[in-house]
Amino acid sequence: RCRRFPASPLPPLPRFPAAAASPLPPPPPLSPPLTCADLARRTPVPNGKHCRLAPADSCHDFYHDKGGGRFHMCVYDGGADCEPLHEVSGCFPPPPAA
């Protein structure tokens, strides 16, 4: 049997307004798993730096070369910086852009 409780004497909770839109464009949809072929559409983070130093507004255009055929794909996840959320391995570095 279910017990019925009396109505609460407290007023209902207020509804919060929708979160403010981010000033940065949304990241493009990714279809994991990413592969070595995805490196060809990206460029290395300038000066060999980590994804967090890539420009947040074009984060998805960069990767970080970890060495030994391992690469982090930079992804903007809505925070303050780009994040190295996807790793691919066993890859050769893509040829430099002409």
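Data block above holds the structure.
Here we summarise the structure given alongside this text. (Residues numbered from 1 in each chain as written. Predicted model: local features only at pLDDT ≥ 70, side-chain atom pairs only at ≥ 80, totals over all residues. Heavy atoms only, no water.)

1. Topic: the packing of aromatic side chains
Moving on, step 1. On inspection of all chains with the given rule, the structure shows one aromatic pair.
Moving on, step 2. Centre to centre, the rings of Y63 and F71 are 5.4 Å apart; their planes meet at 80 degrees, and the pair counts as edge-to-face. (Phe/Tyr/Trp six-rings, centres within 6.5 Å; stacked < 30°, edge-to-face > 60°.)

2. Comments concerning the side chain of H64
Moving on, step 1. Turning to its location among the elements, H64 is positioned in strand β2 (residues 62-67).
Moving on, step 2. Residue class for H64 comes out buried when judged on its relative accessible area of 7%.
Moving on, step 3. Ignoring any residue separated from it by four or fewer positions in sequence, one finds H64 in contact with V45, G48, K49, H50, C51, R70, F71, H72 and C74. (Helix = DSSP H or I, 4+ residues; strand = E, 2+ residues; numbered from the N terminus. Buried < 20%, exposed > 50% of the residue type's maximum accessible area, 1.4 Å probe, protein only. Contact = heavy atoms within 4.5 Å.)

3. A look at the sheet that holds strand β1 (residues 43-44)
Strands in a sheet are paired, the pairing made by backbone hydrogen bonds, and the direction either parallel or antiparallel.
Moving on, step 1. Spatial strand order, β1-β2-β3-β4: four strands in an open sheet with mixed pairing. Of all the strands in the sheet, the pair left with one neighbour each is β1 and β4 (82-88). (Pairing = 2+ DSSP bridges.)

4. Focus: the state of the cysteines
Moving on, step 1. This structure, assessed with the given rule, holds three disulfides.
Moving on, step 2. Here C36 pairs with C91 through a disulfide, and the sulfurs are 1.9 Å apart. Between C36 and C91 the sulfur-sulfur dihedral comes to about -85 degrees; the bridge is accordingly left-handed. Of the two residues, C36 is situated in the segment before β1 and C91 in the segment after β4; the sequence distance between them amounts to 55 residues.
Moving on, step 3. Owing to a relative accessible area of 33%, C36 belongs among the partly exposed residues under this scheme.
Moving on, step 4. Here C59 pairs with C82 through a disulfide, and the sulfurs are 2.2 Å apart. In this pair, C59 is assigned in the loop between β1 and β2 and C82 in strand β4, connecting sequence segments 23 residues apart.
Moving on, step 5. Taking relative accessible area as the criterion, C59 reaches 0% and is therefore assigned buried. (Disulfide = S-S within 2.5 Å.)

5. Considerations on the nonpolar core
A general tendency of soluble globular proteins is for nonpolar side chains to be buried together.
Moving on, step 1. Within the largest apolar cluster, eight residues are counted, these being V45, C51, A54, C59, F62, C74, Y76 and C82.
Moving on, step 2. The residues touching F62, leaving out its near neighbours within four places in the chain, are R42, T43, P44, V45, P46, A54, P55, M73 and C74.
Moving on, step 3. Grouped together as the second largest cluster of nonpolar side chains are seven residues, L34, F71, M73 and C91 included. (Core = buried A, V, L, I, M, F, W, Y, C linked by side-chain atoms within 4.5 Å.)

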